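Structure at a glance
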Amino acid sequence: DVNFRGTVDLTNELLPLLRRGSDARIVNVASMSGYLSQLPSRELRSKFASEGITMSKLHNLVDQYEQDVEQGTYIKNGWGRSNYGMSKLAVIVATRIWAKEEAANGISVNCCCPGYCDTDMTSHRGSRPPEEGAKNAVMLATMENIFTGQYFANYEVNDWLET
């Protein structure tokens, strides 16, 4: 809920303010765990990667995943095994949707993976110091000639489809 719905809810609340800006940017925190190929189902991969996906369709997919998890049918129905990975996939796709929708308003929307950082979340097994992981987001928030609709990792644009 927090990774996807929290991101969506906060972004939707802030969009009216951002639309008034002259160089507004949204930088969502995703993860390498959000790669599309985590989904065994070709049909589901196609839906998430569709150029025509809308926020409504994305919410429907997330709702279906949650329902299938509750019913114990998510593996049979072609979903991935990681709730975290699914939530981050949804954040990446939401980023792409907002990038298209907000381009006319001059808002760049990107997401980034901070990497496997040495934090409580990783039980301090991560090899990257948190301040290094944060640089991915800071770069997107401050760089000149910003792009939009991209997944950024290791300080460059990366392919979220097959990571």
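Residues numbered from 1 in each chain as written. Predicted model: local features only at pLDDT ≥ 70, side-chain atom pairs only at ≥ 80, totals over all residues. Heavy atoms only, no water.

1. Here we look at the overall build of the protein chain
When you go through the protein chain residue by residue, the secondary structure sums to five helices and four strands. Beginning at the N terminus, the succession of helices and strands in the protein chain can be written as α-β-α-α-α-β-α-β-β. What you see for the protein chain is a C-alpha radius of gyration of 16 Å, in line with the 15 Å of a compact globule of 163 residues. Oriented by its inertia axes, the alpha-carbon framework of the protein chain measures out at about 45 × 40 × 25 Å. Taking the contacts inside the protein chain whose residues are at least 6 apart along the sequence as the reference set, 67% of them involve residues at least 24 apart. Element-wise, carbon and sulfur atoms account for 51% of the exposed surface of the protein chain, whose accessible area totals about 8,900 Å². Averaging the coordinates of the 16 positive side-chain charges in the protein chain and doing the same for the 20 negative ones gives two points 5 Å apart. (Helix = DSSP H or I, 4+ residues; strand = E, 2+ residues; numbered from the N terminus. Rg over C-alpha atoms; globule rule 2.2 N^0.38 Å. Contact = heavy atoms within 4.5 Å. Areas by Shrake-Rupley, 256 points an atom, 1.4 Å probe, with all protein chains shown as cover. Lys, Arg positive; Asp, Glu negative; His and termini not counted. Charge placed at Lys NZ, Arg CZ, Asp CG, Glu CD.)

2. Section: the pairing of strand β2 (residues 108-113)
Among the six residues in β2, six count as buried, and that is most of the element. Residues Ser 108, Asn 110 and Cys 112 of β2 are buried on one face, and the alternating residues Val 109, Cys 111 and Cys 113, pointing to the opposite face, are buried as well. Relative to β2, strand β1 (residues 25-29) runs parallel, the two being bridged by five bridges. Within the sheet, the bridge partner assigned to Ile 26 lies in β2 and is Val 109. As judged from the three bridges shared by β2 and strand β3 (residues 151-153), these two strands associate in the parallel manner. Among the inter-strand pairings, Cys 113 is bridged to a residue of β3, identified as Ala 153. (Buried < 20%, exposed > 50% of the residue type's maximum accessible area, 1.4 Å probe, protein only. Pairing = 2+ DSSP bridges.)

3. Thoughts on helix α1 (residues 2-18)
When the local axis directions of α1 are compared, the greatest deviation, roughly 30°, occurs at Asn 12, which is followed within four positions by the proline Pro 16. Among the residues of α1, Phe 4, Arg 5, Val 8, Thr 11 and Leu 15 are the ones counted as buried. (Bend = angle between axes of the 7 residues up to and from the residue.)

4. Topic: the environment of Val 93
Within the fold, Val 93 resides in helix α4 (residues 83-102). Owing to a relative accessible area of 0%, Val 93 belongs among the buried residues under this scheme. Sequence separation between Val 93 and Phe 48 is 45 residues; the distance between their C-alpha atoms is 6.8 Å. Apart from residues no more than four positions distant in its own chain, Val 93 is found in contact with Phe 48, Ile 53, Leu 58 and Trp 160.

5. Considerations on the state of the cysteines
Inspection of the entire model under this criterion finds zero disulfides. You can see Cys 112 has no disulfide; the closest cysteine sulfur is in Cys 111, sitting 7.2 Å from it. Looking at the unpaired Cys 113, the closest cysteine sulfur is the one in Cys 112, lying at 7.5 Å. (Disulfide = S-S within 2.5 Å.)

6. Considering the sheet that holds β1
Reading across the sheet, the four strands line up as β1-β2-β3-β4 and stay open at both edges, with mixed pairing between neighbours. Looking at the sheet topology across the chains shown, the edges are occupied by β1 and β4 (156-158). Going from strand to strand, the sheet's axes swing by 40° on average, the running direction of each strand aside. Its contacts with the sheet put α4 on β1, β2 and β3, and the angle it makes with β2 is roughly 160°. (Axes fitted to C-alpha atoms, helices over the stretch in contact; angles between N-to-C directions.)

7. Topic: a nonpolar patch on the surface
A contiguous nonpolar patch, built from Leu 10, Leu 14 and Leu 17 and spanning about 280 Å² of accessible area, is present on the exposed surface. Structurally, Leu 17 is set in helix α1. (Patch = residues over 30% accessible without salt bridge, like charges linked within 9 Å, V, L, I, M, F, W, Y side chains within 5 Å. Salt bridge = Lys/Arg side-chain N within 4 Å of Asp/Glu carboxyl O.)

8. Notes on the side chain of Arg 25
Locating Arg 25 in the fold gives a position in strand β1. What makes Arg 25 buried here is its relative accessible area of 17%. A distance of 3.0 Å separates a polar side-chain atom of Arg 25 from the backbone oxygen of Leu 140. Engagement of the side chain of Arg 25 in a polar contact is seen with the backbone oxygen of Met 143, the distance being 2.9 Å. Excluding residues that lie within four positions of it along the chain, Arg 25 makes contacts with Leu 18, Ile 107, Ser 108, Leu 140, Ala 141, Thr 142, Met 143 and Ile 146. (Polar contact = N/O pair within 3.5 Å; in protein donor to acceptor, adjacent residues only side chain to side chain.)

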